[in-house]
Every structure is written in C-alpha cells, then in structure tokens.
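What follows is the residue order along each chain.
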Amino acid sequence: MKKILIVLMMATLVVACSRSASKAAAEKAAADKAAAEKVATERAALVTAGHAVYTDKTMCARCHKPKDVTAYTQERWTGILKKMVPMAKLNETEATQVTAYVMENAKK
Ligand code: HEC
C-alpha cells in the first residue's frame, strides 16, 4: 500500500512538473514574440525617420536630389554612406536612421 502511494505521488509530481514546464515554454514563446514585435516596430520607426533624413533639403538632399535608393546594393550603400554621412554632417542618430532606411530599401 505504501509503495502504491509513493508511486502515485511520483506520478502526480511528474505530471505537475511537465505541465508547468509547458506553461513556461508557452510564456517564453509569448515573450519572444512580443520582443520580436517590439524590435520590428522600432526598426520601422527608424526606417521612417531615415526616409525623412534622406529627403531633407538640409541633410541628404542638400547637394543633390535624393538618389534612387533601390539603385544600390547594401554593399554599395556601405561605401556611399561612408562618404555621404560626413558630407551631410549628420549626427549619430540621423546616421543610424538613414542607414536603416537605405539598407531596408537597397537593391536585392
Ligand atoms: C555636401 C554635399 C552632399 C551631401 C550633403 C550629400 N551628398 Fe551625396 N553626393 C554628393 C556628390 C558631389 C556626389 C557625386 C560625387 C560622388 O559620388 O562623390 C554624390 C553622390 C551620391 C550618390 C551616388 C553615388 C554613386 O556612386 O553613384 C548617392 C547614392 C548619394 N550621394 C547619397 C547621399 C546620401 C544618402 C546623403 C545623406 C547621407 C548624401 N548623399 C549627402 C554630394 C553630397
């Protein structure tokens, strides 16, 4: 009788633990999803702000009309931005924003 009780207790423990483990997994999945959505939202805001920098007549469009952003690959953009960001005298925030915008829309 004692043995049966012990086995039953063990079985209950195993079931309880696996339930809380799957609950924890579900909670983690939900947290991961929320974090991914937050990153996507922040990225979208960065890209939008970058478009403003790109077309602003006091920043990227000061010397020339905004170039076709899709005409250059990400690799080309890396080199172009190295030259253009200092020419446009962008601060760090504006540089990050315009980089997000061109990389998002670069030639695939
Ligand atoms: C001070 C003037 C000036 C500013 C500000 C400026 N550019 Fe330029 N940009 C130029 C000149 C001059 C050229 C052409 C000569 C060259 O490629 O260096 C050029 C060329 C380009 C090209 C063509 C490059 C190629 O190889 O075909 C792109 C794209 C470009 N600029 C993007 C930008 C972006 C994005 C910004 C803002 C971060 C910016 N420019 C700000 C002067 C400027």
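Placed above this text is the structure.
All values derive from a computational prediction rather than experimental measurement.

A. Representation of the coordination of the iron atom of the ligand within the structure. Protein coordination at the iron atom of the ligand comes from H64 (NE2) and M84 (SD), with a distance range of 2.0 to 2.2 Å. Coordination at the iron atom of the ligand is octahedral: its six donor atoms span angles of 85 to 179° at the metal. Highlighted residues: H64 in the loop between α1 (2-55) and α2 (74-87) and M84 in helix α2, separated in sequence by 20 residues.

B. Geometry of helix α3 (residues 92-105). With 14 residues, α3 extends 20 Å from end C-alpha to end C-alpha; this agrees with the ideal 20 Å at 1.5 Å per step. When we look at burial in α3, the residues that qualify are A95, Q97, V98, A100, Y101, V102 and M103. Where α3 begins, the side chain of N91 points an oxygen toward the backbone nitrogen of T93, at a separation of 3.0 Å.

C. Region of the structure containing the layout of surface pockets. One number sums up the size of the largest pocket: a volume of about 310 Å³. Taken together, the elements giving at least two residues each to the lining of the largest pocket come down to α2 and α3. Ranked by residue count, the leading element in the lining of the largest pocket is α2, at six residues. Of the residues assigned to the lining of the largest pocket, the class counts are 15 nonpolar, one polar and two charged.

D. Structural view of the site of the ligand. The local shell around the ligand holds 16 residues, among which C60, C63, H64, K83 and M84 are the closest. Contact between the ligand and Y72: an oxygen atom at 3.1 Å from a side-chain N or O atom of the residue. Note that an oxygen atom of the ligand is positioned 3.0 Å from one of the side-chain N or O atoms of R76. If you map the ligand onto the pockets, it falls in the largest pocket.

Rules and cut-offs
- Residues numbered from 1 in each chain as written.
- Predicted model: local features only at pLDDT ≥ 70, side-chain atom pairs only at ≥ 80, totals over all residues.
- Heavy atoms only, no water.
- Donors = N, O, S within 2.8 Å, 3.2 Å for Na, K, Ca; no water.
- Tetrahedral: all angles 85-135°; square planar, octahedral: opposite > 155°, others 65-115°.
- Helix = DSSP H or I, 4+ residues; strand = E, 2+ residues; numbered from the N terminus.
- Expected span 1.5 Å × (residues − 1).
- Buried < 20%, exposed > 50% of the residue type's maximum accessible area, 1.4 Å probe, protein only.
- Polar contact = N/O pair within 3.5 Å; in protein donor to acceptor, adjacent residues only side chain to side chain.
- 1 Å grid on protein atoms, 1.4 Å probe; cavity = no way out; pocket = protein on both sides within 12 Å on 5 of 7 lines; lining within 4 Å.
- Points joined across faces, edges and corners; volume = space filled by probe spheres on them.
- Nonpolar A, V, L, I, M, F, W, Y, C, P; charged D, E, K, R; others polar.
- Near = heavy atom within 4 Å.
- Sits in = over half its atoms within 2 Å of the grid points.

Nothing here speaks to function; it is geometry throughout.
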